[in-house]
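# Close look at the chain arrangement
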Amino acid sequence: MEAGMNLLHDTGIQATQWLQEHFQGSQDWFLFISFAADLRNAFFVLFPIWFHFSESVGIRLIWVAVIGDWLNLVFKWILFGERPYWWVHETDYYSNTSAPEIQQFPLTCETGPGSPSGHAMGAAGVYYVMVTALLSTAMGKKQLRTLKYWVLWTVLWTGFWAVQVCVCLSRVFIAAHFPHQVIAGVISGMAVAKTFQHVHCIYHASLRRYLGITFFLFSFALGFYLLLRVLGVDLLWTLERAQRWCAHPEWVHIDTTPFASLLRNLGILFGLGLALNSHMYLESCRGKQGRQLPFRLGCIVTSLLVLHLFDAFKPPSHMQLLFYVLSFCKSAAVPLATVGLVPYCVSQLLATQEKKAV
């Protein structure tokens, strides 16, 4: 088993070396792709746009991203996946030869286990939701598959796979993942998104259900972590390796640790539950103005501006507990602003202007 994994990892190292040698001029492009594929952009950019054009798609996008990333965390704790940038130094596979030299970049030194790739899994899940939503809209209520539909189908799925290939190559290029890890991530992400196509209870979930699911996800992850600790398994083994082998200590960020991503995602889900069951949402998005295009466009633009300001706030990382608490609160504020506060303010502003016009 170990010999097979060593051979698989060595093949991945060779792939990373080949990409870095032959596409060195594309370094900025690969770094941008890794940045863009982060789930933070799904929450801060894609969610506000989709929610105000199609609430059901926006809600499904959040659920797929959150549950997918939670499953990614559990898989990583079970699979104990290595990362190229530290494995090449830790392994004895190259004991008789010199270890290959691979470059590191500012986005290389993630601190969690490597399998499956969270970026690949998140991108596959989120983009699957968007592609299927666009195709469903193109078919219409009569479910007609015309020539235009098949042209759109070809364009969208070609774009989908182009994005997945770019994300996978990016993660391998920066030595954050092995090829088999990104492939597993894409398959897992699509499976999660496909499953949520058949889950309809999320669109009418009560606040109580949101609270219950948030509590369950947190309790399960924490309980699983503590159980393995009791059994003598240190799930934070990767943090020590990241700090030891990262070329620049400042590239190791606390927001890439497993618990940071867990609390970020749970904050998003908790905030969505609060927002969808709030008076502000019911009065604005569910009111008369909620169907009007100026209202929706106003909500999208304002939400993107507000969330950009939110994103500029970086919780202090010198105290882990404070960082985790503030990260949860910051994440919860994203859907609260997008779904509740911003639509309410926009609706009040438009209503005031209508009264003045009369």
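Now for a look at the structure at hand. (Residues numbered from 1 in each chain as written. Predicted model: local features only at pLDDT ≥ 70, side-chain atom pairs only at ≥ 80, totals over all residues. Heavy atoms only, no water.)

So, about the overall build of the protein chain. Helices and strands together make up the secondary structure of the protein chain, namely 14 helices and 0 strands. Relative to the globule expectation of 21 Å for 358 residues, the C-alpha radius of gyration of the protein chain, 22 Å, shows essentially globular dimensions. Taking the principal axes of the C-alpha coordinates as reference, the protein chain spans close to 85 × 50 × 35 Å. Burial statistics for the protein chain: of 358 residues in total, 49% are counted as buried. Nonlocal contacts in the protein chain, meaning residues at least 24 apart in sequence, comprise 84% of its contacts between residues at least 6 apart. Total accessible area computed for the protein chain in this model is approximately 17900 Å², and 67% of it derives from carbon and sulfur atoms. (Helix = DSSP H or I, 4+ residues; strand = E, 2+ residues; numbered from the N terminus. Rg over C-alpha atoms; globule rule 2.2 N^0.38 Å. Buried < 20%, exposed > 50% of the residue type's maximum accessible area, 1.4 Å probe, protein only. Contact = heavy atoms within 4.5 Å. Areas by Shrake-Rupley, 256 points an atom, 1.4 Å probe, with all protein chains shown as cover.)

So, about helix 10 (residues 237-245). Considered for burial, the residues of helix 10 that qualify are W237, T238, R241 and A242. Projected down its long axis, helix 10 shows its buried positions confined to an angular sector of 130°, all on one face. (Arc of directions from axis to C-beta.)

Moving on to a nonpolar patch on the surface. A cluster of nonpolar side chains, W29, F32, F35 and L107, forms an exposed patch at the surface whose accessible area comes to about 400 Å². Here L107 lies in the loop between helix 5 (84-90) and helix 6 (118-139). (Patch = residues over 30% accessible without salt bridge, like charges linked within 9 Å, V, L, I, M, F, W, Y side chains within 5 Å. Salt bridge = Lys/Arg side-chain N within 4 Å of Asp/Glu carboxyl O.)

Attention now moves to the packing of aromatic side chains. Counted under the stated rule, the structure contains 30 aromatic pairs. Between Y225 and F259, the aromatic rings sit 5.1 Å apart at their centres with planes inclined by 85°, giving edge-to-face as the arrangement. Pair noted here: Y225 is in helix 9 (residues 207-230) and F259 is in helix 11 (residues 258-276), with a separation of 34 residues, a long-range link. There is no split in this pair, since Y225 and F259 are both buried. (Phe/Tyr/Trp six-rings, centres within 6.5 Å; stacked < 30°, edge-to-face > 60°.)

At a closest axis distance of 9 Å, the pairing of helix 7 (residues 147-173) and helix 8 (residues 179-196) adopts a crossing angle of 145°. For the element pair helix 7 and helix 8, the recorded crossing hand is right-handed. Within the contact between the two elements, helix 7 uses F160, W161, Q164, C168, R171 and V172 and helix 8 uses P179, V182, V186 and M190. Within the contact of helix 7 with helix 8, the residues separate by chemical class into 8 nonpolar, 1 polar and 1 charged. (Axes fitted to C-alpha atoms, helices over the stretch in contact; angles between N-to-C directions. Left-handed = near helix turned anticlockwise from the far one by under 90°. Nonpolar A, V, L, I, M, F, W, Y, C, P; charged D, E, K, R; others polar.)

This brings us to the side chain of S115. Along the chain, the position of S115 falls in the loop between helix 5 and helix 6. Here S115 falls in the buried class, since its relative accessible area comes to 10%. Apart from the residues lying within four places of it in its own chain, the contact partners of S115 are F75, K76, L79, G81 and Q181.

Another point: the state of the cysteines. Enumeration over the complete set of coordinates arrives at 1 disulfide. Paired by a disulfide, C109 and C246 hold their sulfur atoms 2.0 Å apart. The sign of the 90° torsion about the S-S bond sets the C109-C246 disulfide as right-handed. Residue C109 is found in the loop between helix 5 and helix 6, and its partner C246 is found in the loop between helix 10 and helix 11; the two are separated by 137 residues along the sequence. The residues C109 and C246 share a single accessibility class, namely buried. No disulfide involves C299; its sulfur sits 5.7 Å from the nearest other cysteine sulfur, which is in C285. (Disulfide = S-S within 2.5 Å.)

All we've got here are geometric facts, nothing functional implied.
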